[in-house]
Amino acid sequence: MQTIGLMGGSFNPVHCGHLNLARRALLSGRVDSVLFLPTGNPPHKHAELADKMDRLAMVRLAVEGEAGMGVSREEIDRDGVIYTIDTLGNLAGRMPDCRFIYLIGADTLRVLHTWKRVQDVIGRCGFLVMMREGEPEQEVLDLAESWRGRGAQVELLAARKMDISSTEIRRRVREGLPLAGLVPPAVDAYIAAHGLYQTGEEPQPMKREKMVYKLKKTLDAQRFIHTLGVEATARKMAVVFGEDEEKAALAGLLHDCAKCMPLSQMVKAAKGVPLDPVMKESKALMHAVAGRCVAESVYGVKDEEVLSAIRWHTTGHADMTRLEKIIYLADMIEPNRKPYPGLDQLRELCMRDLDLAMHQALRMSLEHVQEQGKALHPDTLAALESYERQLTRVR
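Parameters and conventions
Residues numbered from 1 in each chain as written. Predicted model: local features only at pLDDT ≥ 70, side-chain atom pairs only at ≥ 80, totals over all residues. Heavy atoms only, no water. Buried < 20%, exposed > 50% of the residue type's maximum accessible area, 1.4 Å probe, protein only. Helix = DSSP H or I, 4+ residues; strand = E, 2+ residues; numbered from the N terminus. Polar contact = N/O pair within 3.5 Å; in protein donor to acceptor, adjacent residues only side chain to side chain. Axes fitted to C-alpha atoms, helices over the stretch in contact; angles between N-to-C directions. Parallel < 35°, antiparallel > 145°, perpendicular 65-115°, else oblique. Left-handed = near helix turned anticlockwise from the far one by under 90°. Contact = heavy atoms within 4.5 Å. Nonpolar A, V, L, I, M, F, W, Y, C, P; charged D, E, K, R; others polar. Salt bridge = Lys/Arg side-chain N within 4 Å of Asp/Glu carboxyl O. 1 Å grid on protein atoms, 1.4 Å probe; cavity = no way out; pocket = protein on both sides within 12 Å on 5 of 7 lines; lining within 4 Å. Points joined across faces, edges and corners; volume = space filled by probe spheres on them. Pairing = 2+ DSSP bridges. Right-handed = clockwise from strand over helix to strand, strands pointing away. Phe/Tyr/Trp six-rings, centres within 6.5 Å; stacked < 30°, edge-to-face > 60°. Lys NZ or Arg CZ within 6 Å of the ring centre and 35° of its normal.

## Considerations on helix α11 (residues 245-254)
Right, so step 1: The complete set of buried residues in α11 reads Ala248, Ala249, Ala251, Gly252, Leu253 and Leu254.
Right, so step 2: Sitting at the head of α11, Asp244 places a side-chain oxygen 3.0 Å from the backbone nitrogen of Glu246.

Have a look at this one:
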């Protein structure tokens, strides 16, 4: 019979202490595997509780690559108040040949008597208890013995529980403090990318240093270097063409802020924005729409000119503003770009004539998608046609 360790909780967010408890349980040999059971959204959800789908996603990221660990939607998909006795009944129905042991801290053992139908619970599962640093060991031993007297199977793990709390993590997020060592890197990046645990107040624009810190966590190394290159190039072009230098630099810095999200999360981030079918199926296009939303909701950007430049930096559109043109072009010519045919000529045009540079860049985009056997996005085609008409009138 396989023994499964169950870890229930809100995981708001999941942290290294949770993973440490799971690892210790597996190493002890008392369980064969550990199943995380994030709870759903309660009827009266408190302000700091992230949505259940975000918490589920973070737990999945945390256990990815961890041998012997898995995640269940058992409590995510249930409505109303969730009780352990119901969870155990459902799990037993699906896994009749398994034995269950709840992995808990000593703090939970102290309130075990408050659980609904606790006598039925202890008849269906055992408990493996880990203590926090500084907890009085004898008190916990006495409490465990008391529960054994009521028929409960209670064992203690020799290792001490890591002194990490989700409350402290949420406080650090609000204050912009690093989470290194407290949550897995993938969870840290998810929190930053989705703007979780910010205050309920209207987000304020971040300082550049904090933006860079968040971007470094949410982008891969190559994309992060590219981002800094676009920021510097946009600033340089703004000076040449009399555009607001700080707006250009900000749009350049955040233009790819959603680039490394999974496509499904990009679509979720752009909730409420009309999306055509082509856009919804392409990360290369969708990240600009999602990026506009993330720049506003996570990074606190409210300047519509900056947000619009981020939104249109992949497709362009007819009658683009000067700032939109600068970000579109800076993305294509920044110094870290791998060489491609026509790059040197485009860089020269970008410092001399924005419209000629845009026409050249759009023509290059057309040739690129045609080589791939694809069609140019309608917004890009409209932009190119507007420049073709403009050049025809000039001639």
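## Looking at unusual backbone geometry
Phi is mostly negative for residues that are not glycine, and the peptide bonds are mostly trans.
Right, so step 1: For the bond from Asn12 to Pro13, the omega torsion is 5 degrees, close enough to zero to count as cis.
Right, so step 2: Residue Phe11 is not a glycine yet carries a positive backbone phi of 50 degrees.
Right, so step 3: Within the secondary structure layout, Phe11 lies in the loop between β1 (2-9) and α1 (16-28).
Right, so step 4: Classification of Phe11 as buried rests on a relative accessible area of 3%.
Right, so step 5: If you check the backbone angles, Asp319 has positive phi at about 60 degrees while not being a glycine.

## Digging into the packing of helix α17 (residues 343-350) against helix α18 (residues 354-371)
Two measures define how a pair of helices packs: the angle their axes make with one another and the distance between the axes.
Right, so step 1: The interhelical angle for the contact between α17 and α18, taken along N-to-C directions, is 155 degrees, at an axis separation of 8 Å. Taken together, the axes of α17 and α18 are roughly antiparallel relative to one another. α18 is crossed by α17, and the crossing has left-handed handedness. Contacts between α17 and α18 involve Leu343, Gln345, Leu346, Leu349 and Cys350 from the former and Leu356, Ala357, Gln360, Ala361 and Met364 from the latter.
Right, so step 2: Per-class residue counts for the contact of α17 with α18 are eight nonpolar, two polar and no charged.

## Looking at the pattern of salt bridges
Right, so step 1: Throughout the structure, instances matching the rule amount to 26 salt bridges.
Right, so step 2: In this structure, Asp256 engages Arg223 in a salt bridge whose closest nitrogen and oxygen atoms are separated by 2.9 Å. Here Asp256 is found in the loop between α11 and α12 (263-269), whereas its partner Arg223 is found in helix α10 (residues 221-241), with 33 residues between them in sequence.
Right, so step 3: It is possible to trace a salt-bridge network through shared partners that takes in Arg292, Glu296, Lys302 and Glu304.

## With respect to the layout of surface pockets
Right, so step 1: Taken as a whole, the largest pocket holds about 1300 Å³ of empty space.
Right, so step 2: Residue assignment for the lining of the largest pocket shows that the elements contributing at least two residues are α10, α14 (283-297), α16 (322-333) and α18.
Right, so step 3: In terms of residue count, α18 provides more of the lining of the largest pocket than any other element does, six residues in total.
Right, so step 4: Residues that form the lining of the largest pocket fall into these classes: 12 nonpolar, 14 polar and 10 charged.

## Digging into the environment of Val267
Right, so step 1: Checked against the element boundaries, Val267 lands in helix α12.
Right, so step 2: Spatially, the C-alpha atom of Val267 lies 46 Å from that of Glu155, the residues being 112 residues apart in sequence.
Right, so step 3: Sequence-distant contacts of Val267, defined by excluding residues within four places in its chain, comprise Leu275, Lys280 and Met286.

## What to know about empty space enclosed by the protein
Right, so step 1: Per the stated rule, a full pass over the model turns up one cavity of 30 Å³ or more.
Right, so step 2: Of the pockets and cavities examined, the largest cavity occupies roughly 100 Å³.
Right, so step 3: Every residue lining the largest cavity is listed: Arg172, Val173, Gly176, Leu177, Leu179, Asp188, Ile191, Ala192, Lys210, Tyr213, Lys214 and Lys217.
Right, so step 4: Among the elements of the structure, α7 (166-174), α8 (185-194) and α9 (208-218) are those that each provide at least two residues to the lining of the largest cavity.

## Describing the side chain of Ser33
Right, so step 1: As for its position among the elements, Ser33 is in strand β2 (residues 33-38).
Right, so step 2: Setting aside its immediate chain neighbours within four residues, Ser33 contacts Gln2, Thr3, Ile4, Gly5, Leu26 and Gly68.

## Focus: the pairing of β2
Right, so step 1: Buried residues dominate β2, accounting for six of its six residues.
Right, so step 2: Of the two faces of β2, both are covered, the one formed by Ser33, Leu35 and Leu37 as well as the one formed by Val34, Phe36 and Pro38.
Right, so step 3: Alignment of β1 against β2, held across six bridges, turns out to be parallel. Looking at β2, one finds that Gly8 is bridged to Leu37.
Right, so step 4: Of the crossover connections in this fold, the one passing from β1 over α1 to the parallel β2 is right-handed.

## Digging into the packing of aromatic side chains
Right, so step 1: Applying the stated criterion to the full structure yields three aromatic pairs.
Right, so step 2: Taking the centre distance of 6.1 Å and the plane angle of 65 degrees together, the rings of Trp115 and Phe127 count as edge-to-face. Of the two residues, Trp115 sits in the loop between α4 (106-110) and α5 (118-124) while Phe127 sits in strand β5 (residues 125-132), which places them 12 residues apart along the sequence. Residue Trp115 shares its accessibility class with Phe127, and that shared class is buried.
Right, so step 3: Put simply, the rings of Tyr102, Trp115 and Phe127 touch in pairs and so form one group of aromatic residues.
Right, so step 4: Taking the ring centre of Tyr83 as reference, the NZ or CZ of Lys116 above it sits at 4.4 Å.
Right, so step 5: A cation over a ring is seen here: Arg311 above Trp312, with NZ or CZ 3.8 Å from the ring centre.

## Overview of the pairing of β1
Right, so step 1: Inspection of the sheet shows β1 paired to strand β4 (residues 98-105) by five bridges, in the parallel sense. Residue pairing across strands places Thr3 opposite Arg99, the latter belonging to β4.

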